[in-house]
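An overview of the molecular structure
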Amino acid sequence: MDVRLHVMRTLLDTGRAPTVPETAEGLGLDVDEVSGRYRELAESHAIELRPGTLEIWMAHPLSAEPTPFVATVDGRDHFANCIWDGLGTVAMLGGTGSVRTACPDCDDSLQADVVQRELAGEPEGVVHFAIPASRWYDDIGDT
Amino acid sequence: MQLFRSEEHVRRWCEERGREPGAVFGLDRMWSLADAWYHDRLSEDFRRRTPDEAEALFDSIGLTGDAWRLSR
């Protein structure tokens, strides 16, 4: 298993992202090699690191910290980074599940259910992309 | 990328923050994008799309215009 998949699987299984030493130990790799791989993955935006560290903040579509976007698949909750990533988590895990969040304006709960890769019913809500695609990674937390 | 109750809620939220509204669309389109973008993320063969491939995907599900161009 490569470093990216190890990070994803650990986050899915435990709810927390592995540190560099944990990934090195888990995969039998050198710490420096794993550090370099974390940086490469961050440069390609497969993962996002907390600024100035090698601590994983996001491993798209998953978040390593609690967020307002909770994807539930097979009875397990996973934090996602946004509504795109919430639905992406369902897609990544087989295409059946739900995403819960709250309207940023009124704080009412909103939910989207997906069954066998089809959106179920006519869920309430509209998606808002505030940032143009060319600037998504200028401030990924705001995006 | 957030989910609002309606376009009216988007407009009010943006106004209160002095921000211009961005792209607004339905959950059906969001699901199409999320599924296409992430369904293979746990595959060993996963490869990130090039900017041109990503823009082609956006176009294919009707996400067009300057907001969906990856080059500045």
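Whatever comes next refers back to the structure up there.
Residues numbered from 1 in each chain as written. Chains lettered and ligands numbered in written order. Predicted model: local features only at pLDDT ≥ 70, side-chain atom pairs only at ≥ 80, totals over all residues. Heavy atoms only, no water.

Here we take up the overall build of chain A. When its secondary structure is counted, chain A shows 4 helices and 9 strands. For 143 residues, the compact-globule estimate of 2.2 N^0.38 gives 15 Å, and chain A sits close to it at 16 Å. For the C-alpha atoms alone, the extent of chain A along its principal axes is close to 50 × 35 × 20 Å. Buried positions account for 51% of the 143 residues belonging to chain A. Considering only residue pairs separated by 6 or more positions, chain A has 33% of its internal contacts joining residues 24 or more positions apart. Entry remark: accessible area of chain A is about 6,500 Å², with carbon and sulfur atoms responsible for 46%. Averaging the coordinates of the 10 positive side-chain charges in chain A and doing the same for the 25 negative ones gives two points 5 Å apart. (Helix = DSSP H or I, 4+ residues; strand = E, 2+ residues; numbered from the N terminus. Rg over C-alpha atoms; globule rule 2.2 N^0.38 Å. Buried < 20%, exposed > 50% of the residue type's maximum accessible area, 1.4 Å probe, protein only. Contact = heavy atoms within 4.5 Å. Areas by Shrake-Rupley, 256 points an atom, 1.4 Å probe, with all protein chains shown as cover. Lys, Arg positive; Asp, Glu negative; His and termini not counted. Charge placed at Lys NZ, Arg CZ, Asp CG, Glu CD.)

For the rest of this paragraph, the subject is the pattern of salt bridges. Pairing between side chains becomes possible if they bear opposite charge and their charged atoms approach one another. Under the criterion given, the structure shown has 15 salt bridges over all chains. The partner of Arg37 of chain A in a salt bridge is Glu40 of chain A, and the shortest N-O contact between them spans 3.1 Å. With Arg37 of chain A and Glu40 of chain A both in helix α3 (residues 31–43) and 3 residues apart, this pair spans about one turn of that helix. On the accessibility criterion, Arg37 of chain A (28% relative accessible area) is partly exposed. Looking at Glu40 of chain A, the relative accessible area reads 45%, which means it is partly exposed. Note that Glu15 of chain B and Arg11 of chain B form a salt bridge whose closest N and O atoms lie 3.4 Å from each other. With a gap of 4 residues between them, Glu15 of chain B and Arg11 of chain B both fall in helix α1 (residues 7–17), about one helical turn apart. The exposed category is assigned to Glu15 of chain B, whose relative accessible area is 54%. For Arg11 of chain B, a relative accessible area of 41% corresponds to the partly exposed category. Through salt bridges that share partners, Arg50, Glu55 and Glu65 of chain A make up one connected network. (Salt bridge = Lys/Arg side-chain N within 4 Å of Asp/Glu carboxyl O.)

Note on sheets: strands pair through backbone hydrogen bonds, and any given pair is parallel or antiparallel. Here 3 strands make up an open sheet; going across it, the order is β1(B)-β9(A)-β2(B) and the pairing antiparallel. At either end of the open sheet lies a strand with only one pairing partner, and these are β1 (2–4) and β2 (23–26) of chain B. On average, adjacent strands in this sheet sit at an angle of 35° to one another, irrespective of strand direction. Bridge analysis of strand β9 (residues 126–129) of chain A against β1 of chain B gives 3 bridges, and the strand direction is antiparallel. Paired with His128 of chain A across the bridge in β1 of chain B is Gln2 of chain B. (Pairing = 2+ DSSP bridges. Axes fitted to C-alpha atoms, helices over the stretch in contact; angles between N-to-C directions.)

Every contact between the two is made by 43 residues of chain B and, on the other side, 54 residues of chain A. Of the roughly 4,500 Å² buried between chain B and chain A, counting both surfaces, carbon and sulfur atoms make up 62%. One can count 4 salt bridges joining chain B with chain A. Of the charged contacts in the structure, one is a salt bridge between Asp108 of chain A and Arg5 of chain B, with a shortest N-O distance of 3.1 Å. Summed over the shared surface of chain B and chain A, the number is 17 residue pairs in polar contact (both at pLDDT 80 or more). (Buried area = accessible area lost by both parts, 1.4 Å probe. Polar contact = N/O pair within 3.5 Å; in protein donor to acceptor, adjacent residues only side chain to side chain.)

A few words on the pairing of β2 of chain B. Only one face of β2 of chain B is covered, namely the face carrying Ala23 and Phe25 of chain B; the face carrying Val24 and Gly26 of chain B is uncovered. Bridging between β9 of chain A and β2 of chain B involves 4 bridges; their strand directions are antiparallel. Across the sheet, residue His128 of chain A finds its bridge partner in β2 of chain B, namely Val24 of chain B.

Next up on the list: the packing of helix α2 (residues 27–38) of chain B against helix α3 (residues 51–60) of chain B. Residues and elements named next belong to chain B. As a packed pair, α2 and α3 sit with axes 10 Å apart at the nearest point and diverge in direction by 150°. Relative to α3, α2 is oriented roughly antiparallel. Considering how the two elements wind past one another, α2 and α3 form a crossing that is right-handed. On α3, the residues touching Leu33, Ala36 and Trp37 of α2 are Ala54, Leu57 and Phe58. Of the residues that constitute the contact of α2 with α3, the class distribution is 6 nonpolar, no polar and no charged. (Parallel < 35°, antiparallel > 145°, perpendicular 65-115°, else oblique. Left-handed = near helix turned anticlockwise from the far one by under 90°. Nonpolar A, V, L, I, M, F, W, Y, C, P; charged D, E, K, R; others polar.)

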